[in-house]
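# Descriptive analysis of the structure
Each chain is listed here by its residues.
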Amino acid sequence: MAESNFNNLPHDAIVVEGVSKQFGNITAVDNLSFTVPRGELFGIIGPDGAGKTTLFRLLTSLMHPTEGNAYVDGLHTVRDYKLIRQRVGYMPGKFSLYQDMSVRENLEFFASVFGTTIEENYELIKDIYCRLEPFADRKAGKLSGGMKQKLALCCALIHAPSVLFLDEPTTGVDPSSRREFWDMLTRLREHNITIIVSTAYMDEASRCDRVAMMNNGRFISTDTPFNIIRKFDKTLLAIRADNMFQLLNDIRRLDFVDSCYTFGEYHHATINQQTDENTKEKMEQILTSQYHHTNLHINECTPTLEDCFILYSR
Amino acid sequence: MKEFNAFIKKEFYHIFRDTRTLMILILLPIILIMLFSFAISVEIRNVNIGILAPTNDNSINQLAHKIETSEYFNITHWLNSPNEINDLMRANEVDLVLAFGDHFDQRMLSADGAQLGIVIDGSNPNNASMEMMYLMGLLQSYFSEKASVLPSSAGSLTTNVRMLYNPQSRSAYNFAPGIMGLILILICALMTSVSIVREKEMGTMEVLLISPVKPIHIILAKMIPYLIISCFVLGIILTLSFTVLGIPMLGTLHWIILVSLVYILLALSIGLFVSNMVDSQLVATLICAVVFMMPILLLSGMLFPIESMPRFFQVVSNIIPARWYISAIKKLMIQGVEFQFVLKEFTILCGMTLLLITASLKKFKEFI
């Protein structure tokens, strides 16, 4: 069984010490330090260009850091790159399998590339592969987005890696397939596989054990999703009216409003600490009488990870 | 070893499932050989001749008849004045005008001799010189016939030209080796580089790099299928050359195959080298087409003889692998020389191959 192989490995699956990566003048990863204990589902969330993919390439030994050291399973990513490449699984963001090969052929190929067979580690991919099995002879290029991702995950898992790196695995996948995909990741933890997953969807990040919010090459916050939200110490209001565009500008003009941004059907506004308790009434009054907004709705709401990200990245 | 076999199997899946490309690879050499040897021809035929004869002499008529019966020339116009020459040539009515002097018959046998002018449309110098050569041959044979009946002709000089190896000046003889040089580069260099770069584009290369597979195995697995296809295509071309084109294949077959194998390896390493430098299939295709295939057509001696190029291009042609390959294959296939006479070409090809393989293996990136 897969987990028995990982018994004598260091407690921390990933140790990163002051790692930076520069491309000319651009700093993609800026003096990062963090550790990920074994068996954790660690999420990295951040917008495009935050440095997520570069970080993955550094950890999987595909790139050398400009500064600092990183260790995966206690192995140095530059010195021991050959050993690292034998034990990690990696699913790059643009990974698209071999379109002209069938589901089974793709899986068989990746299994033999890693010196194993489908049967040997079938236990690990069983949950995922059983959904694909009816389509085993279909070409990978003819699969739906969600199916492709499931197959790609199977291919990355087929050699029972100790650490699995998934770079934006759910980009371009429909919501229900995304949910399924995360269910699978959660189940994989039973096999004691450490999973590092990046995503641009904040709603997914709440399913991780711990989340690192990444922006401009730095982690602006690293904690459990619960703690990150708990640390959100401002009042958050959700506001809606008929003229949403005008509303946004008007709210931003209010002196007790810290920030305001569009959030789905509502605008979210954070309120300065100093103001008194009944800000909600005060805002309602100003917006209707002074700015003549109609159909105005203002509710206090609980922050999401996205609100936290916007607050911390300012 | 199991990993390696899986790799090669995968490459064959790619090749055989892309039937369109595969058909092109196999049909292209066949079509090219047919085209170049039957349709496209640099031999001259149907040259239109105008004759300017002030007097209607007997010998002029005889000569005209001789010209008319040759397979290269047609007499289309009889001119009355030299002023017509220019107009007819500009209208492309005639390619060549024979201008006889006055009283050609009488003067031909006199001490002063007769006058005969030849005016050729020189806008295509290659054709002009060929026409000239053919015509001179005709004239010479006519006049020597004529002179031989006279007793005083004992000392006249006759030239006797023989075209060795290619007695009918068939252009197919020239093209078959050229097409081999072209097609093998196309299959090996273009296809290999595109198939490696495709893995980069699709992100599968990153996954393959993060696997226990040795990079050299990735490369070899890419090369072997195309090596096999190239050998197959080589077989087709050689068979066609022998059967359809009737090229004698005087040289021993195994030397032709040996030289071709070295050239195939060279082309494969070009493909590998290109794939190391670029990251998109489009750029790989462009580089192979512009940097490697165009010079083969223009500078390898396939279409234009190297000896008649400007000095600069003669020097440049030295670094074009196909030049040496085509030269060696011509010698082996058509002249039927011993292997020792193509030793120079063979050594150069081997050297280039070694250089490129070393360079591209050194440049192969295990990291992004």
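Residues numbered from 1 in each chain as written. Chains lettered and ligands numbered in written order. Predicted model: local features only at pLDDT ≥ 70, side-chain atom pairs only at ≥ 80, totals over all residues. Heavy atoms only, no water.

Attention shifts here to the overall build of chain B. Assigned secondary structure in chain B consists of 14 helices and four strands. A buried classification covers 45% of the 368 residues belonging to chain B. In chain B, 76% of the contacts between residues at least 6 apart in sequence involve partners at least 24 apart. (Helix = DSSP H or I, 4+ residues; strand = E, 2+ residues; numbered from the N terminus. Buried < 20%, exposed > 50% of the residue type's maximum accessible area, 1.4 Å probe, protein only. Contact = heavy atoms within 4.5 Å.)

A separate point is the overall build of chain A. The helix and strand inventory of chain A stands at eleven helices and 14 strands. Expressed as lengths along the three principal axes of its C-alpha atoms, the size of chain A is roughly 70 × 45 × 35 Å. The buried share of chain A, reckoned over its 314 residues, is 54%. In chain A, once contacts between residues fewer than 6 apart in sequence are set aside, the share between residues at least 24 apart is 70%. Each charge class in chain A was averaged separately, 33 positive and 41 negative side chains, and the resulting centres sit 4 Å apart. (Lys, Arg positive; Asp, Glu negative; His and termini not counted. Charge placed at Lys NZ, Arg CZ, Asp CG, Glu CD.)

The subject of this paragraph is the sheet that holds strand E4 (residues 116–120) of chain B. Residues and elements named next belong to chain B. Here we have four strands laid out as an open sheet, ordered E2-E1-E3-E4, and mixed in their pairing. In this open sheet, the two edge strands, each paired with only one partner strand, are strand E2 (73–79) and E4. Strand-to-strand, the axes of this sheet are offset by a mean angle of 25°, without reference to chain direction. Most of the contacts of helix H3 (residues 58–69) go to E2, to which it runs at about 145°, and overall it touches strand E1 (47–52), E2 and strand E3 (96–100). (Pairing = 2+ DSSP bridges. Axes fitted to C-alpha atoms, helices over the stretch in contact; angles between N-to-C directions.)

Time to look at the packing of aromatic side chains. To describe a pair of aromatic rings, one takes the distance between the centres and the angle between the planes. Scanning the model with the defined rule gives 15 aromatic pairs over all chains in all. Taken together, a centroid distance of 6.0 Å and an interplanar angle of 20° make the contact between Tyr98 of chain A and Phe110 of chain A stacked. With Tyr98 of chain A in the loop between strand E6 (88–91) and helix H3 (103–113) and Phe110 of chain A in helix H3, the pair connects residues that are twelve residues apart, well separated along the chain. Site record: aromatic cluster; members linked through ring pairs are Tyr98, Phe109 and Phe110 of chain A together with Phe7 of chain B. In this structure, Arg178 of chain A packs its charged tip against the face of Tyr201 of chain A, placed 3.7 Å from the ring centre. Its end group placed over the ring of Tyr13 of chain B, Arg17 of chain B keeps NZ or CZ at 4.4 Å from the ring centre. (Phe/Tyr/Trp six-rings, centres within 6.5 Å; stacked < 30°, edge-to-face > 60°. Lys NZ or Arg CZ within 6 Å of the ring centre and 35° of its normal.)

Residue and element names in this part refer to chain B. Taken as a whole, the second largest pocket encloses approximately 420 Å³ of empty space. Lining the second largest pocket are 23 residues, with Asp18, Thr21, Met191, Val194 and Arg198 positioned closest to its centre. Among the elements of the structure, helix H1 (2–17), helix H2 (19–39), helix H7 (171–202) and helix H9 (215–243) are those that each provide at least two residues to the lining of the second largest pocket. Residue classes in the lining of the second largest pocket are distributed as eleven nonpolar, six polar and six charged. (1 Å grid on protein atoms, 1.4 Å probe; cavity = no way out; pocket = protein on both sides within 12 Å on 5 of 7 lines; lining within 4 Å. Points joined across faces, edges and corners; volume = space filled by probe spheres on them. Nonpolar A, V, L, I, M, F, W, Y, C, P; charged D, E, K, R; others polar.)

Let us now look at the sheet that holds strand E4 (residues 67–72) of chain A. Residues and elements named next belong to chain A. With respect to topology, four strands assemble into an open sheet ordered E2-E1-E4-E5, the strand pairing being antiparallel. The open sheet has two edge strands, strand E2 (26–37) and strand E5 (75–76), and neither has a second partner. With five bridges connecting them, strand E1 (residues 12–23) and E4 associate as antiparallel partners. When the bridges of E4 are listed, Ile14 appears paired with Val72.

Take the interface of chain B and chain A next. Across the boundary between the two partners, chain B contributes 25 residues, which contact 31 residues of chain A. Summed over both partners, the interface of chain B with chain A buries about 2700 Å², with 64% contributed by carbon and sulfur atoms. At the boundary of chain B with chain A, the tally comes to two salt bridges. The residue Arg57 of chain A makes a salt bridge to Glu206 of chain B at a minimum N-O spacing of 2.7 Å. Joining chain B to chain A, the criterion identifies eight residue pairs in polar contact (both at pLDDT 80 or more). At eight residues, the largest contribution of residues to the side of chain B that touches chain A is made by H1 of chain B. For the side of chain B that touches chain A, the class distribution of residues is twelve nonpolar, four polar and nine charged. (Buried area = accessible area lost by both parts, 1.4 Å probe. Salt bridge = Lys/Arg side-chain N within 4 Å of Asp/Glu carboxyl O. Polar contact = N/O pair within 3.5 Å; in protein donor to acceptor, adjacent residues only side chain to side chain.)

For an interface, size is often stated in terms of accessible area lost upon the parts coming together. Along its sequence, chain B is organised into domain 1 (47–164) and domain 2 (171–367). A separation of 47 Å is found between the C-alpha centroids of domain 1 of chain B and domain 2 of chain B. (Domains from an automatic or database assignment.)

Once that is clear, we can look at unusual backbone geometry. Most peptide bonds are trans, and most residues other than glycine sit at a negative phi. Residues and elements named next belong to chain A. Unlike most non-glycine residues, His292 shows phi in positive territory, near 55°. Within the chain, Asn295 stands out as a residue other than glycine whose phi angle is a positive 55°. Secondary-structure assignment places Asn295 in the loop between helix H10 (279–290) and strand E14 (297–300).

Quick look at the pattern of salt bridges now. Two side chains with opposite charge may pair up if their charged atoms get near one another. Counted under the stated rule, the structure contains 26 salt bridges over all chains. Asp127 of chain A is the salt-bridge partner of Arg187 of chain A, the closest N and O atoms lying 3.5 Å from each other. Here Arg187 of chain A, found in helix H6 (residues 175–188), pairs with Asp127 of chain A, found in helix H4 (residues 122–132); they are 60 residues apart in sequence, far enough to count as distant. A relative accessible area of 32% means that Arg187 of chain A is categorised as partly exposed. Judged by its relative accessible area of 36%, Asp127 of chain A falls in the partly exposed class. As a salt-bridge pair, Lys200 of chain B and Asp279 of chain B come within 3.3 Å of each other at their nearest N and O atoms. Placement of the pair is Lys200 of chain B in helix H7 and Asp279 of chain B in the loop between helix H10 (253–277) and helix H11 (281–299), with a sequence separation of 79 residues.

All names here are of chain A. Tracing the backbone shows Glu168 in the loop between strand E7 (163–167) and H6. The spacing of Glu168 and Gly93 is 75 residues in sequence and 5.4 Å in space, taken between C-alpha atoms. If near-sequence neighbours (up to four positions away) are discounted, Glu168 is found in contact with Asp48, Lys52 and Ser198.

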